Structures are given as structure tokens and as C-alpha cells.
Amino acid sequence: MGKSIMSKDNFLYPRGRYYGQVKPENLVFNANLQEFAQKVSYICNLETGGKLSPDEAYDQIKALWKHLKRTRKQLQIGENPFQNGDDDSERAGQ
């Protein structure tokens, strides 16, 4: 029974493999980004199917975008684009 639930979850909430720089904050942001994309897809499909008005869809996507921006800021993604975390190892060799 647990296997069928897992298969349904994998079907409804697919996750792509992460190929970027492996850091905890990058992995968390990637998971949030994939969740954002999945929810936007659902909202678009509901709007296309007439279950949501365009205004409702826009408001929901805008709220999701604000949440994604907030998590990006909290995780400090992109704030030091030229700092890759290897500075200490480079200094030790000098």
C-alpha cells in the first residue's frame, strides 16, 4: 500500500534532479523553485479549464512569486555571486 502512495506522489509532484553547486541553501531553493513551478502549472491549468478566473490565477501566482522571492532572500541566494566558498582553501595555500 505504501508503494502505491509513493508512486502517486511521484506522479503528482515530480522532482527534477539537481545538477548545480551542492550547498544546503541551493538545494532548499531548488526544491522551492520546483514546487513553485508545479503550483503555477496547476493554476494555469485551472484557469485554462475555467475553474479559476484570470484575476484569481494572477493573484495566486503573484502570491507564490512573493513567497519564492522571500525564501530566496532568506537563503541569501545570489547575494555574493563571486564568492564560491573556496576562499579559505585558497588563502591556506598562500
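Look up a bit, the structure's there.
Predicted, not measured: the structure shown is a model, and the values here were computed from it.

1. Quick look at the overall build of the chain
No. 1: A count of helices and strands for the chain gives four helices and zero strands.
No. 2: Element order for the chain, N to C, with α for helix and β for strand: α-α-α-α.
No. 3: For the chain, with 94 residues in total, the buried portion stands at 15%.
No. 4: By sequence separation, contacts in the chain at least 24 residues apart represent 51% of the contacts at least 6 residues apart.
No. 5: Surface exposure of the chain reaches about 7900 Å², of which carbon and sulfur atoms provide 55%.

2. Regarding the pattern of salt bridges
No. 1: Tallied over the entire structure, the rule returns two salt bridges.
No. 2: Between K23 and E25 there is a salt bridge; the shortest N-O distance is 3.5 Å.

3. Structural notes on a nonpolar patch on the surface
No. 1: On the surface, a cluster of nonpolar side chains totalling about 440 Å² of accessible area is made up of F11, L12, Y13 and Y42.
No. 2: Looking at the secondary structure, you find Y42 in helix α2 (residues 24-48).
No. 3: Exposure remark for Y42: the relative accessible area of 34% places this residue in the partly exposed category.

Cut-offs and rules
- Residues numbered from 1 in each chain as written.
- Predicted model: local features only at pLDDT ≥ 70, side-chain atom pairs only at ≥ 80, totals over all residues.
- Heavy atoms only, no water.
- Helix = DSSP H or I, 4+ residues; strand = E, 2+ residues; numbered from the N terminus.
- Buried < 20%, exposed > 50% of the residue type's maximum accessible area, 1.4 Å probe, protein only.
- Contact = heavy atoms within 4.5 Å.
- Areas by Shrake-Rupley, 256 points an atom, 1.4 Å probe, with all protein chains shown as cover.
- Salt bridge = Lys/Arg side-chain N within 4 Å of Asp/Glu carboxyl O.
- Patch = residues over 30% accessible without salt bridge, like charges linked within 9 Å, V, L, I, M, F, W, Y side chains within 5 Å.

Bear in mind that shape data such as this cannot, by itself, settle questions of function.
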